[in-house]
Structure formats: structure tokens, C-alpha cells
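Observations on chain architecture
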Amino acid sequence: MGGIWVVAAQGGKVLTHSDRVYDSAADAQVALDGLTAHHGDELVILDAAAGHSGEAALPALLGDVATAYRLQPCGWSMPTIPRPLVVAALGCAAAFLLRSGWDWYRHLDGARAPAPVSIDPEAAWAQVYETLRQRIRLHAENDGLAVLDALAELPAELGGWGLSSAQCTRGTEPGWACRARYDRVHRLATNASFLAARPSGWSETWQPLDTVVARFAVAGGGQALEPSRLRSRSEHDDKTITALQQVLPLMSGATLGETVPVRLEPPRDEYGVALAAPPSMPAISERPLALEGPLRSMFLIPGLLANQIEWRAVSLNVDAAAELSLNRSRLMAGMSGVLYARD
């Protein structure tokens, strides 16, 4: 049985609702009228004779049509998209896939990495505390007297150079690092006359023509901090402060600072989190102390504060014109340090 094939094309593509075979010319005409009404003058109508098999000679048919209206073979169709937009979309997709792959690789690499070594809080805090013990040096009575003796025994004059001042400080090494200043007081004094008279073991720094600073060391490093030998804060308030008050008339000045806990940098666990101090950790407090007065009066102090203080600086100033009194002398000294207590 024959039929009539109706196919409509626009822009090289077959239109929807066309490309059908109708049983009668009337049905085919109705379909053509509908396509014409919908698409208007741009519609291209291809006439074909009726065939018994419903098939037309498509190559012959295309050969009779102008090139501009021929059906064009095409693959998968998609709406027209600007090329830059397509390139940008492909770039974003590629970046996403690369980042996802990198994250996956890092996850696998992290899974293969060994777990961090666990930190023992007790052992970590014990190491911190031992470092503190070795850093603080508590001075016994003999340690304080040794540095005072060294300053008291400095020659008042060396080869025409007169003693002006001296300072001793405690550094990171055991003992004291000291320096004494001498001024040229005799017009015939020279560098050579000073070097000929000064004690052995000194080193000098000359400050132009009339001043020299001599450097020397004094033994007396003190002992490591031992909390069991410290007085409590209440014992310091009762005994230590009372003993200092009893010698204050012999001093020209005294300063005692506020009590604060000794600051310790807490150790951290394997993840970098600060570890809490264990209950067994000794609690130590400190307060600064500074005294000034005649050198003779300072010899009373080391015994009052033995094994409770870390002396950090001792100084001596010579004032030949000073008026003598109970708390004034031609040789004025100063001592400063840190007083420790257990809580």
C-alpha cells in the first residue's frame, strides 16, 4: 500500500512533527498546512512522488534542492554556546578534578604517615622543672660574702689611677663577671704605670686618656634551686622581712617588690596543645629585692637571706667627699636579686 512522505527542513535540520508518511494526500496536505502556519515563509517544502514502500530516493531528492536547503548530517545537537564560555567551563571542570585528585592523594599520604609520638605529661613537666632548677642559683652566705670581699679588696689606687666604681653581675656561667673603673688622678700616671701595678688576671679597656675599665672574675656560683630548702611565703613575711627591717637603719635604701609565681613555659603534647601542670608540680614564687648602703653594712645581708635568694648584681661607688653617718660612707654599695619562696 502506498503513502505520501512529508518532510520539512529549516537551517539544514529536520523539523519536529515532520518526516512522516501519510496514507492519503488529504492527510499529507493537512500536515503541510500546519507546518506552513507554524513556520511561515521560511519553510522549504520538498515534493516527492508516492511510493509503495514509503521510501523515497533521498540522494536524488537532495540533488534537486538548492545547496542552502539540503539536509546536513549532524551528530549530537546542543544549543549554540559562545566558545569563551565553553573554554571557561572546561577549565573550571579541570581545576575541580585536579583539586579533588590532589585532596584524595593527600588523604592517602596522610593515612600512610606514622602517628605522632605520644608525650608523657609527667616526664615533660619534669624536664621543664629541672631546667628551671639549673637556671636559678640560690646563694649561700659564703657566696654573697665572696663577691663583697672581692669589691672590698679592690686597690684604692694603682700606679696613679684611683678607683671610682665597680660592678659585678651574674651571667649564664657560674661565678661573677666584674669590672672596676679607675680614673687617672696623678698627672704623671700612664697606662704603663697602671699595667705594672694592677693584679694579674685582669683585662683592660682604655677610655681615651683618663679612664680605664678593668675586668676580672669572682668565683661563687651558688647552688641549684631546691624547693624543700625554701621558706614559705608566710615564713618570709614573718622571719625574713623582720630580719631585714632590723638592719634597715644601716641602709640608705631598700625596695621589695610584689610576690608573683615563677613563670614556666608549659610543655606541649604531640598536637601542640599546652599540657596542664601535674598536681605534684612544686609551686614557687619570687619577688625582687634591692638594697643600698655602706659597704660595711652589706656584709650583714648574705647571712640573713642565705639559700633563699639569687643575687644578680653587686655594685660599689667611691665618694671621697661623702659625709659619714650610720647609713652613709665613702664606700657605698648596692645588692639586688630575687627572693624565692614555696607556696
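Overview of the structure. On a predicted model such as this, the values are computed, not experimentally measured, just so you know.

Thoughts on the side chain of His236
Take His236: it is sitting in helix H7 (residues 233–247). Once residues lying within four places of it in the same chain are set aside, the contact partners of His236 are Arg231, Ile241, Gln308, Leu339, Tyr340 and Ala341.

Things to note about the state of the cysteines
Considering all chains together, one arrives at one disulfide under this definition. A sulfur-sulfur separation of 2.0 Å characterises the disulfide bridge that pairs Cys168 with Cys178. Residues Cys168 and Cys178 are joined through a disulfide that is right-handed, its torsion about the S-S bond being 115°. In this pair, Cys168 is assigned in strand S8 (residues 161–169) and Cys178 in strand S9 (residues 176–184), connecting sequence segments 10 residues apart. Side by side, Cys168 and Cys178 carry an identical accessibility label, which is buried.

A look at H7
A turn of α-helix holds 3.6 residues, and therefore any two residues three or four places apart point the same way. The first and last C-alpha atoms of H7 sit 20 Å apart over 15 residues, in line with the 21 Å expected at 1.5 Å per residue. If you look at H7, its biggest bend is around 30°, right at Ile241. Within H7 the residues assigned to the buried category are His236, Thr240, Ile241, Ala243, Leu244 and Val247.

Digging into the pairing of S9
Of the strand pairs in this sheet, S8 and S9 are connected by eight bridges, and their pairing is antiparallel. Considered in S9, the bridge of Trp161 is made with Arg184. Joining the antiparallel neighbours S8 and S9 is a turn of six residues, in which Gly175 adopts a positive phi near 90°. Of the pairings in the sheet, the one linking S9 to strand S11 (residues 211–218) comprises eight bridges and is antiparallel in character. Within S11, the position partnered with Ala180 by the bridge is Ala214.

What about the pattern of salt bridges?
Using the criterion set out here, one finds 10 salt bridges in the structure. Note that Arg184 and Asp210 form a salt bridge whose closest N and O atoms lie 3.5 Å from each other. Of this pair, Arg184 sits in strand S9 while Asp210 sits in the loop between strand S10 (203–207) and S11; the two residues are 26 residues apart in sequence, bridging distant segments of the chain. A salt bridge links Asp237 to Arg287, with the nearest nitrogen and oxygen atoms 3.6 Å apart. Here Arg287 lies in strand S15 (residues 284–294) and Asp237 lies in helix H7, a separation of 50 residues in the sequence. One continuous salt-bridge network, built from bridges that share partners, spans Glu130, Arg133 and Glu226.

Points about the nonpolar core
Counting residues in each nonpolar core, the largest one holds 37 residues, and the members touching the most others are Leu154, Tyr182 and Ile301. Excluding residues within four positions of it along the chain, Ile301 makes contact with Leu244, Val247, Met251, Leu291 and Trp311. Val128, Val262, Met281 and Val338 belong to the second-largest nonpolar core, a separate cluster that totals 15 residues.

Quick look at unusual backbone geometry
A positive phi angle is found at Pro208, which is not glycine, with a value near 25°. Residue position: Pro208 is located in the loop between S10 and S11. Judged by relative accessible area, Pro208 falls into the exposed class, the value being 72%.

Notes on the side chain of Arg287
With a relative accessible area of 16%, Arg287 lands in the buried category. The contacts of Arg287, once residues within four sequence positions are left out, are Asp237, Leu256, Gly257, Glu258, Thr259, Gly337, Val338 and Leu339.

Re the packing of aromatic side chains
On inspection of all chains with the given rule, the structure shows six aromatic pairs. Between Trp202 and Phe216 the ring centres are 5.3 Å apart and the planes differ by 20°, which places this aromatic pair in the stacked class. With Trp202 in the loop between helix H6 (191–197) and S10 and Phe216 in strand S11, this pair connects stretches of sequence that are 14 residues apart. Residue classification places Phe216 among the buried residues on the basis of a relative accessible area of 13%. Through successive ring pairs, a cluster of aromatic residues spans Trp161, Tyr182, Phe194, Trp202, Trp206 and Phe216.

What about the environment of Leu32?
If you trace the backbone, Leu32 turns up in helix H1 (residues 25–39). Its relative accessible area of 18% is what places Leu32 among the buried residues. Sequence-wise, Leu32 and Val7 are 25 residues apart; in three dimensions their C-alpha atoms are separated by 8.9 Å.

What counts as what
- Residues numbered from 1 in each chain as written.
- Predicted model: local features only at pLDDT ≥ 70, side-chain atom pairs only at ≥ 80, totals over all residues.
- Heavy atoms only, no water.
- Helix = DSSP H or I, 4+ residues; strand = E, 2+ residues; numbered from the N terminus.
- Contact = heavy atoms within 4.5 Å.
- Disulfide = S-S within 2.5 Å.
- Buried < 20%, exposed > 50% of the residue type's maximum accessible area, 1.4 Å probe, protein only.
- Expected span 1.5 Å × (residues − 1).
- Bend = angle between axes of the 7 residues up to and from the residue.
- Pairing = 2+ DSSP bridges.
- Salt bridge = Lys/Arg side-chain N within 4 Å of Asp/Glu carboxyl O.
- Core = buried A, V, L, I, M, F, W, Y, C linked by side-chain atoms within 4.5 Å.
- Phe/Tyr/Trp six-rings, centres within 6.5 Å; stacked < 30°, edge-to-face > 60°.

So yeah, pure geometry; function would need other evidence.
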